[in-house]
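Chain and residue survey
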Amino acid sequence: MSVSGMSSFSLRADRRSLSLQRGWFIGGLSALLLAIFALTLMLGQSFTPPGDVLKVLLGQDVEGASFAVGQLRLPRAVLSILAGLSFGMAGVAFQTMLRNPLASPDIVGVSSGASAGAVFAIVVLSLKGTAVSFFAVASGLGVALAVYGLSFRNGVAGTRLILVGIGVSAMLESAIAYILTQAPEWNLQEAMRWLTGSVNGAQLSQAWPLLAVLVVCGGVLLTTSRNLTALRLGDDTAGALGVRVSVTRLLVIVAAVGLIATATAATGPIAFVAFLSGPIAARLVGPRGSLLVPAALIGALLVLAGDYVGQFLMPMRYPVGVVTGALGAPYLIYLLVRANKSGSTL
Amino acid sequence: MTISGLVVEDLTACYEEREVLRNLSLAIPPGKISVIVGANASGKSTLLRAMSRLLAPRAGQVLLDGKSIHHTPPRQLAQVLGLLPQSPIAPEGITVADLVSRGRHPHQGLFARWTREDDEAVESALAATAIADLAERNVDELSGGQRQRVWIAMALAQKTDVLLLDEPTTFLDVRHQVEVLDLLVDLNRARGTTIVLVLHDLNLAARYADFLAAVAGGTIHASGTPDAVLTETTIHEVFGVSSRVITDPTSGRPMMLPLGRHRTLENASALGPAGEL
Amino acid sequence: MSLSGATASGSVSGRGGRATKSIMLGGLIALLVVFCMLSVSIGSRDVSLDEIIHGVLGRTDSFGEAAVAMRVPRTLLALIAGAALGLAGAVMQGVTRNPLADPGILGVNTGASLAVVVGVFWFNIYSVEAYVWAAIAGAGCTAAMVYTIGSMGRGGATPLKLALAGAATSIALSSLVIAIVLPRNDIAGGIRSWQIGGVGGASFDRILPILPFILFGLLISFASAKKLNSLALGDELAAGLGERVMLARLTAAIGAILLCGAATAACGPIGFVGLIVPHLCRLLVGVDHRWLLPLSSLAGAALLLIADIAGRIIAKPAELQVGVVTAFIGAPFFIWIVRHQRIREL
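This is a predicted model, so every value here is computed, not measured.

**Focus: the pairing of strand β1 (residues 6–15) of chain B**
All names here are of chain B. Bridging between β1 and strand β4 (residues 59–64) involves five bridges; their strand directions are antiparallel. Following the sheet pairing, Thr12 is matched in β4 by Ala59. Pairing of β1 with strand β2 (residues 18–28) involves seven bridges; the strand directions are antiparallel. Bridge pairing in β2 places Val7 opposite Ala27. Here β1 folds back onto β2, and the loop between the two strands holds two residues, one of which, Glu16, carries a positive phi near 55°.

Have a look at this one:
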């Protein structure tokens, strides 16, 4: 048996079939995303035929549809997708870098940081609009850097980073809850947005900064994706393979935090999207190759579908954060069931 | 293939705030198998890590072919210097072929294009470690000995001139220990790779090393051929144990027999050089 | 063989002899008395010494006396809940051999709140006894769930994995709480009761029903002191010393759960007390649980009292919930622990 002959055949074929598989998945996910996008534009409180939807998208004025599609559904759907892409990609980047699927940015303090900044800006400083976004991004980045700095001791150990993040998150969460109780004329929608994430009242103007950050930070993440994948082998092995571990870590953190903070500034901390997208993508696409794009698509799906479900398929209108947050509990239980069977990590 | 001389000059290195190595100098002979030995916490691993650039020294430098490794871009360095660390982490669900392929990382640019050269490197690595038939298996399912061979294959796929290994045999049973060390000898003979490894078993070290260095007191206590280094005096100074050194009749290399308080024959000190009474 | 020298979690072993420890115990009790007096004297309304004395004795003739009379049950609740939480934390850290165990971090408090919320809104329970049973059930299930998830994969229940499992579970359950509370409560009220814990508005009929549970929890926990000392050496060694490991762990855990459940039922989720208090006490009396447990309960009571008093002073004339104050004290302390203790990797 010619060993090298056989394995060379299987190696290349193996790689080719893997690329094909990935291509199918990404294509399939994108198609699904597009389909649900179309659905949300057509079917809401009323049904708008596809022709009319198209006309509105092209800028024409259609009676009975322009408002519903153009002002209500479109901004909502666009924002959901952009936020979902950001959360999904940032989440899996963190989980890969820290080598732990439980170490997602919404658990280690980044989301709390951004929300705290936003809530503070709105309630205490009475700011609105872009100013709030800037505050959110600034405080998100600030918290991330503080967590990074606090866990720095002869380099950053993933463990310490996560634990410090959890501590900081707890502190910020109670601050947010407190500030919310102090806001007298707080209406339900706004409070929900900052406690658990919502795309109610979305405006298309919010989408542009989100898109810009997605392109820039997403781009940075995609270029480091090879080094990021190498980090899964452990800091030492990755270093031995020529990866600049600290630099890669820092880049990933800054880019991921940028994504999360900007998205949170627009929609609030949509619970668990960053946490779930990575593991779900890993289940579908397999452990090989970069999960950045698949997780981003899954994130977008989660938010888009979650919002739709929360609006129309529940006994009362729930913001998307409650729907996705509620998904977290069954997922954790699913982990338990798997634990009994295989006793392994996610 | 260039002759790669790895030279440590005046190295002072720390491990968790503690100064472990001080003014250590060592010249690793190119194209040979060198083994570093020493007591626990003597700094053997720290030395290896410093030599592989994983650890930044507080003072001194490490030179590869005359150039400081700290001023070489990591990717470039990884193409000529490989390291197998002590407890490498295999991601869940990764296959053998995939893991070994990771060894090509430093040779691939930003847009990882797989060339024929990459494929060949991986194949020959799989063949050299005799794990080609395990290529599709999950690394988690393999035995300790098999897994170690997979890691070595990954380091091999990197196709470096120098290979550093940190205690590659520590958790393996006797059979796999010997297998791994024999594999390294094959590699050294076939490709001329300079191999530096840390071993805690003195006798295996003496048997397989062309060059032996003993670390004690934060510096190199003795270095040279196994015959020169493995003497009763040196062993006592480095490890704090009394011993008898005889010639191993199976390999012709020195072999140390530790002398404890019990289970030592009355005339143990009367043993001749070949172990005869 | 005396186990008082065992260095379980890497902290300092027993300092001083029995005399020193007894003095510390006595000192703490004295401190508690002082805090109690402060607690009834301080508040939004300034009161005179006379009014304090009369108010404590139950006379409510003047506003001042009435104010004091209202502070008495509050002080009592803070005492009891603080003792319960401090003790529960010490027991949890002993059972899990984890310096980061705390009912808040492990999500146990959130689980308890969720159970109460479910009981109130779906099953229409309104007696405090029923609350407590629900809270205990919730706490128990959550503790089991978090522990199982945290134990999955390499290394078992390391501090990191346990903390992450707790954080993730906490977020998941918290979303469920919001989902249930949202339609039926005004936001501020909802947040106040179910997201942050507090002792405001305490009354004797709220406190009385939880007493039997607290008492039981106290007894079981104190009885487990010796077992916890053995467990600190590791399961195998403990079994070698003749301990029935599983039974010991279960009993101690039940004690802790009774305490958390009752405290959360009465006050809502208060975090970090169970984390900080055992660490501080370990610095004083070492790792012998026969001293550590009683000291932790006293210190917990003191901490909660001082946090409540601080909350009243800082936000005068309004007040800051105790849960917020403990989070702000607790988080930096948690971070300090993480930085200075050697936490096992993974």
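What follows picks up the thread again.
**Some details on the interface of chain B and chain A**
Chain B puts 32 residues into the contact, and the matching count from chain A is 28 residues. Residue assignment for the side of chain B that touches chain A shows that the elements contributing at least two residues are α2 (74–78), β6 (81–84), α3 (96–101) and α4 (116–128) of chain B. For the side of chain B that touches chain A, the element with the most residues is α4 of chain B, which contributes six residues. Looking at the side of chain B that touches chain A residue by residue, the class counts come to 20 nonpolar, five polar and seven charged.

**Overview of the sheet that holds β1 of chain B**
Residues and elements named next belong to chain B. In spatial order, the strands read β2-β1-β4-β5; together these four strands make up an open sheet with antiparallel pairing. Only two strands of the sheet have a single neighbouring strand rather than two, namely β2 and β5 (67–68). Running over the sheet, helix α1 (residues 44–51) touches β1, β2 and β4 and is turned about 120° from β1.

**Comments concerning the confidence of the model for chain C**
All names here are of chain C. Averaged over every residue, the pLDDT of chain C is 80; residues scoring 70 or more account for 88%. Helix α9 (residues 211–223) holds the highest mean pLDDT among the elements of chain C, 93, whereas helix α7 (residues 187–194) holds the lowest, 58. A low-confidence stretch, residues 1–14 (pLDDT under 50), is modelled with 29 contacts involving residues beyond four sequence positions or located in other chains. This prediction of the complex comes with two scores: 0.81 for pTM and 0.77 for ipTM.

**Overview of the nonpolar core**
Buried together is how nonpolar side chains tend to be arranged in soluble globular proteins. Ranked by size, the top nonpolar core spans 316 residues in total, and within it Ala81 and Ala262 of chain C carry the most contacts. By residue number, the principal contributor to this core is helix α3 (residues 66–97) of chain A, which donates 17 residues. In this view, Ala262 of chain C contacts Ala84, Val132, Ala135, Ile210, Phe213, Ile214 and Gly217 of chain C; residues no more than four positions away in its chain are not counted.

**Section: the packing of helix α4 (residues 108–122) of chain C against helix α5 (residues 128–151) of chain C**
Packed helices, taken two at a time, are described by their axes: the angle between them and the distance between them. Residue and element names in this part refer to chain C. Contact geometry for α4 and α5: axes closest at 7 Å, N-to-C directions at 135°. Between α4 and α5, the angle falls in the class oblique. Like other packed secondary-structure pairs, α4 and α5 cross with a definite hand, here right-handed. Between α4 and α5, the residues in contact are Val108, Gly111, Ala112, Leu114, Ala115, Val116 and Gly119 and Ala130, Tyr131, Ala134, Ala135, Ala137, Gly138, Ala139, Cys141, Thr142 and Ala143, respectively. Class assignment for the residues of the contact of α4 with α5 results in 13 nonpolar, four polar and no charged.

**Things to note about the pairing of strand β7 (residues 162–166) of chain B**
Successive side chains on a regular strand alternate, one facing one side of the sheet and the next facing the other. Residue and element names in this part refer to chain B. Judged by how many residues are buried, β7 sits mostly within the fold: five of five residues are covered. The side-chain alternation of β7 yields two buried faces, one formed by Val162, Leu164 and Asp166 and the other by Leu163 and Leu165. Sheet topology note: the β6/β7 ladder contains four bridges and is parallel. Each residue of the ladder has a partner; that of Leu84, found in β7, is Leu165. Here β7 pairs with strand β8 (residues 194–198) via five bridges, running parallel. Its bridge partner lying in β8, Leu164 is registered against Val196. One crossover worth recording links β7 to the parallel β8 by way of helix α6 (residues 174–191), and it is right-handed.

**A look at the arrangement of the chains**
Among two pairs of chains with at least one contact, chains A and C form the most extensive contact set. At no point do chain B and chain C touch; the closest pair of C-alpha atoms across them sits 10 Å apart.

**Concerning α4 of chain C**
Residues and elements named next belong to chain C. Taking 1.5 Å per residue, 15 residues should reach 21 Å; α4 reaches 21 Å between its end C-alpha atoms and fits that length. Judged by how many residues are buried, α4 sits mostly within the fold: eleven of 15 residues are covered. Downstream of α4 by one or two residues, Asn124 has phi in the positive range, about 55°.

**What to know about the sheet that holds β7 of chain B**
Residue and element names in this part refer to chain B. The strand order β6-β7-β8-β3-β9-β10 describes an open sheet built from six strands, whose pairing is mixed. The open sheet has two edge strands with one neighbour each: β6 and β10 (219–224). On average, adjacent strands in this sheet sit at an angle of 15° to one another, irrespective of strand direction.

**Some remarks on the environment of Glu319 of chain C**
For Glu319 of chain C, the position within the fold is in the loop between α14 (289–314) and α15 (322–340). Beyond its immediate stretch of four places on either side in the chain, Glu319 of chain C contacts Gly200, Gly311 and Arg312 of chain C.

**Observations regarding the packing of helix α12 (residues 273–285) of chain A against helix α13 (residues 292–312) of chain A**
Residue and element names in this part refer to chain A. Look at α12 against α13: their axes get within 8 Å of each other, and the N-to-C directions meet at 120°. In terms of axis orientation, α12 runs oblique to α13. Considering how the two elements wind past one another, α12 and α13 form a crossing that is right-handed. Within the contact between the two elements, α12 uses Val273, Leu276, Ser277, Gly278, Ile280, Ala281, Leu284 and Val285 and α13 uses Pro294, Ala295, Ile298, Gly299, Leu302 and Val303. Taken together, the residues of the contact of α12 with α13 break down into eleven nonpolar, three polar and no charged.

Quick notes on the rules
Residues numbered from 1 in each chain as written. Chains lettered and ligands numbered in written order. Predicted model: local features only at pLDDT ≥ 70, side-chain atom pairs only at ≥ 80, totals over all residues. Pairing = 2+ DSSP bridges. Helix = DSSP H or I, 4+ residues; strand = E, 2+ residues; numbered from the N terminus. Contact = placed C-beta atoms within 7 Å. Nonpolar A, V, L, I, M, F, W, Y, C, P; charged D, E, K, R; others polar. Axes fitted to C-alpha atoms, helices over the stretch in contact; angles between N-to-C directions. pLDDT = per-residue confidence, 0-100. Core = buried A, V, L, I, M, F, W, Y, C linked by C-beta atoms within 7 Å. Buried ≥ 20, exposed ≤ 12 C-beta atoms within 10 Å, placed from the backbone. Parallel < 35°, antiparallel > 145°, perpendicular 65-115°, else oblique. Left-handed = near helix turned anticlockwise from the far one by under 90°. Right-handed = clockwise from strand over helix to strand, strands pointing away. Expected span 1.5 Å × (residues − 1).

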